[in-house]
Amino acid sequence: MTLFNLGSINLDHFYEVPHLPAPGETLIAESHQTGLGGKGANQSAAAARAGARVVHIGAVGSDGAWAVNRLNELGINTAHISTVKAPTAHAIINVDPAGENAIVVFSGANMKQSLTQLKAALLTAKRGDMLLLQNETNLALEAATLARSLGLKVVYSAAPFNAGATKALLPLTDLLILNAVEMQQLTEATNSEALTPATIVVTEGSKGGYAITPEGEQRFPAFPVKAVDTTGAGDTFTGYLAAALHEGQPLESALRLAAAASALKVTKKGTADAIPSRADVEVFLAAQT
Ligand code: RIB
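Now for a look at the structure at hand. None of the values given here were measured: they were computed from a predicted structure.

1. Some thoughts on the environment of Phe284
And step 1. Structurally, Phe284 can be placed in helix α9 (residues 278-286).
And step 2. Assessed through its relative accessible area of 15%, Phe284 is described here as buried.
And step 3. Along the primary structure Phe284 and Gly99 are separated by 185 residues, whereas in three dimensions their C-alpha atoms are 21 Å apart.
And step 4. Setting aside residues no more than four positions away along its own chain, Phe284 makes contact with Phe223, Val225, Ala260, Ala263 and Leu264.

Pasting the structure below:
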C-alpha cells in the first residue's frame, strides 16, 4: 500500500526572535537555521517516519537538488518530483521563546506542478492507496478528482486555509484534517452547512482535539511536553495519522499515535528534520500512564 502526497517542498529559514514581530517593527534574530520544510514535505517525512511507503509528487527549481536528496534520505520515493523553471519555494519562520511561530511562504516551484507529471504518478497507484493533499501547491483539485476515479482514499489537510480551495475539495475528501482556527474559518465559509467528508479531525494544540465521524464524536488527548518549537506539529500529526490509518489501525489508536508524534515534534527545533521516528513515538507512548 502506498501513500501518494502532492505536496510543497520548501527551504525553511528559522529565526529565533525575542517575540513575534509587530507591524512596522524591525527585530534582530538571535539565531538562523535552515532545513527541509513545506507542509507537503513535512507530511511525507512524518508518514515515512511512521513506516509508510511514500511517493512524493512535487516540484523544485534548479536550486532544489538538496531537497530531493533529503527526501530520499528520509526514505521517500522522489521519482515524481520534477525540476521546473521557478525557484524552489522557501519559508521565513519566526519562532518566539514559547515556541510559537509566524510563517511567510514564497511558493515558487510549488505552484508549477504539471498535470502530465501528476497523472504519470497517480496512474501507478492501486485501488486502496491514499492521496494526501494540502493547500500549498496547484492541481490539488485535479489530483483529488483523478485519485477518486482510481479508487484512492483522499486525505486533505486544509492548510494554509483557503476557503475556495477547501470548499471545492470537500466533496472529494474522505478525511479532512484541520486545526481549530481553520475549522472556525471553514464553518464560516460554509455557513455551517453539513460538511461532506466521512471523517473530520480537528486539532486543538495542547488541548488535543476531536474527530467527527458518521458514528459520532471522539476526543483524543494531548501529551504534556515542554514546547520549544511548534512549527510542523500539525504536519507531523497529519503524516502520522494518514500512515496509521493506511496501515489499518482503528481511528482511536491512530489519533493517539499522531498526537504523541506531534507532542514529540514540539520538543525539537525544526520541521522535517525534527519529526520523531516511529520507535521513539512508541517508547514515548509506552511511558504514558
Ligand atoms: O507547517 C509548517 C510548514 O509551513 C513549514 O515547514 C513551512 O515551510 C510552511 O510550509
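2. With respect to the sheet that holds strand β6 (residues 89-95)
And step 1. The strand order β3-β2-β6-β7 describes an open sheet built from four strands, whose pairing is mixed. In this open sheet, the two edge strands, each paired with only one partner strand, are β3 (31-37) and β7 (101-106). Between one strand axis and the next, the sheet turns through 20° on average, direction left out of account.
And step 2. Summarising the sheet, strand β2 (residues 10-16) and β6 pair through seven bridges and their orientation is parallel. Counted as the bridge partner of Asn10 is Ala89 from β6.
And step 3. Packed onto the sheet, helix α2 (residues 65-73) meets β2 and β3 and runs at close to 65° relative to β3.

3. Quick notes on the site of the ligand
And step 1. Of all residues adjacent to the ligand, which total 13 residues, the nearest are Asn10, Asp12, Lys39, Glu136 and Asp235.
And step 2. The protein chains hide 96% of the 280 Å² of surface that the ligand would expose on its own.
And step 3. Put simply, the ligand lies in the largest pocket.
And step 4. Contributing elements (two or more residues each) for the shell around the ligand: β2, α1 (39-50) and β7.
And step 5. Per-class residue counts for the shell around the ligand are three nonpolar, six polar and four charged.

4. Describing the pairing of strand β13 (residues 216-220)
And step 1. Judged from the five bridges that link them, strand β12 (residues 209-213) and β13 form a sheet pairing that is antiparallel. By the bridge assignment for β13, Gly209 is matched with Phe220.
And step 2. What sits between β12 and β13 in their antiparallel hairpin is a turn of two residues.

5. Quick look at the pattern of salt bridges
And step 1. The final tally for this structure, using the stated rule, is seven salt bridges.
And step 2. Residues Glu73 and Arg70 are paired through a salt bridge, measuring 2.8 Å at the closest nitrogen-oxygen approach. Here Glu73 pairs with Arg70, and both are found in helix α2, just three residues apart, close to one helical turn.
And step 3. Of the charged contacts in the structure, one is a salt bridge between Arg278 and Glu282, with a shortest N-O distance of 2.7 Å. Taken together, the residues Arg278 and Glu282, both in helix α9 and four residues apart, mark about one turn of the helix.
And step 4. For Glu282, a relative accessible area of 35% gives the class partly exposed.
And step 5. Each of Arg70, Glu73 and Asp273 takes part in one network of salt bridges that share partners.

6. Thoughts on the nonpolar core
And step 1. Counting 48 residues, the largest nonpolar core has Leu36, Val201, Phe237, Tyr240, Leu241 and Leu255 as its most contacted members.
And step 2. At the level of elements, α1, β4 (53-60), α2, β8 (130-133), β10 (175-179), α7 (233-246), α8 (251-265) and α9 are the ones that each hand at least two residues to this core.
And step 3. The leading source of residues in this core is α8, at ten residues.
And step 4. Once you skip the residues sitting within four places of it in the chain, Phe237 turns out to touch Ile177, Val201, Thr203, Phe220, Leu255, Ala258, Ala259 and Ser262.
And step 5. Core analysis: the next-biggest nonpolar cluster, separate from the first, contains 30 residues, Ala140, Ala144, Tyr156 and Leu178 among them.

7. Thoughts on the packing of helix α3 (residues 115-122) against helix α4 (residues 140-149)
And step 1. Interhelical geometry of α3 versus α4 gives an angle of 30° and a closest axis separation of 11 Å. The pairing of α3 with α4 is recorded here as roughly parallel in orientation. In this structure, α3 crosses over α4, and the sense of that crossing is right-handed. Side by side, α3 and α4 meet where Leu115, Leu118, Lys119 and Leu122 of the first sit next to Glu142, Ala143, Leu146 and Ala147 of the second.
And step 2. Partitioning the contact of α3 with α4 into residue classes produces six nonpolar, no polar and two charged.

Quick notes on the rules
- Residues numbered from 1 in each chain as written.
- Predicted model: local features only at pLDDT ≥ 70, side-chain atom pairs only at ≥ 80, totals over all residues.
- Heavy atoms only, no water.
- Helix = DSSP H or I, 4+ residues; strand = E, 2+ residues; numbered from the N terminus.
- Buried < 20%, exposed > 50% of the residue type's maximum accessible area, 1.4 Å probe, protein only.
- Contact = heavy atoms within 4.5 Å.
- Pairing = 2+ DSSP bridges.
- Axes fitted to C-alpha atoms, helices over the stretch in contact; angles between N-to-C directions.
- Near = heavy atom within 4 Å.
- Areas by Shrake-Rupley, 256 points an atom, 1.4 Å probe, with all protein chains shown as cover.
- 1 Å grid on protein atoms, 1.4 Å probe; cavity = no way out; pocket = protein on both sides within 12 Å on 5 of 7 lines; lining within 4 Å.
- Sits in = over half its atoms within 2 Å of the grid points.
- Nonpolar A, V, L, I, M, F, W, Y, C, P; charged D, E, K, R; others polar.
- Salt bridge = Lys/Arg side-chain N within 4 Å of Asp/Glu carboxyl O.
- Core = buried A, V, L, I, M, F, W, Y, C linked by side-chain atoms within 4.5 Å.
- Parallel < 35°, antiparallel > 145°, perpendicular 65-115°, else oblique.
- Left-handed = near helix turned anticlockwise from the far one by under 90°.

Any link to function would need more than the numbers given here.
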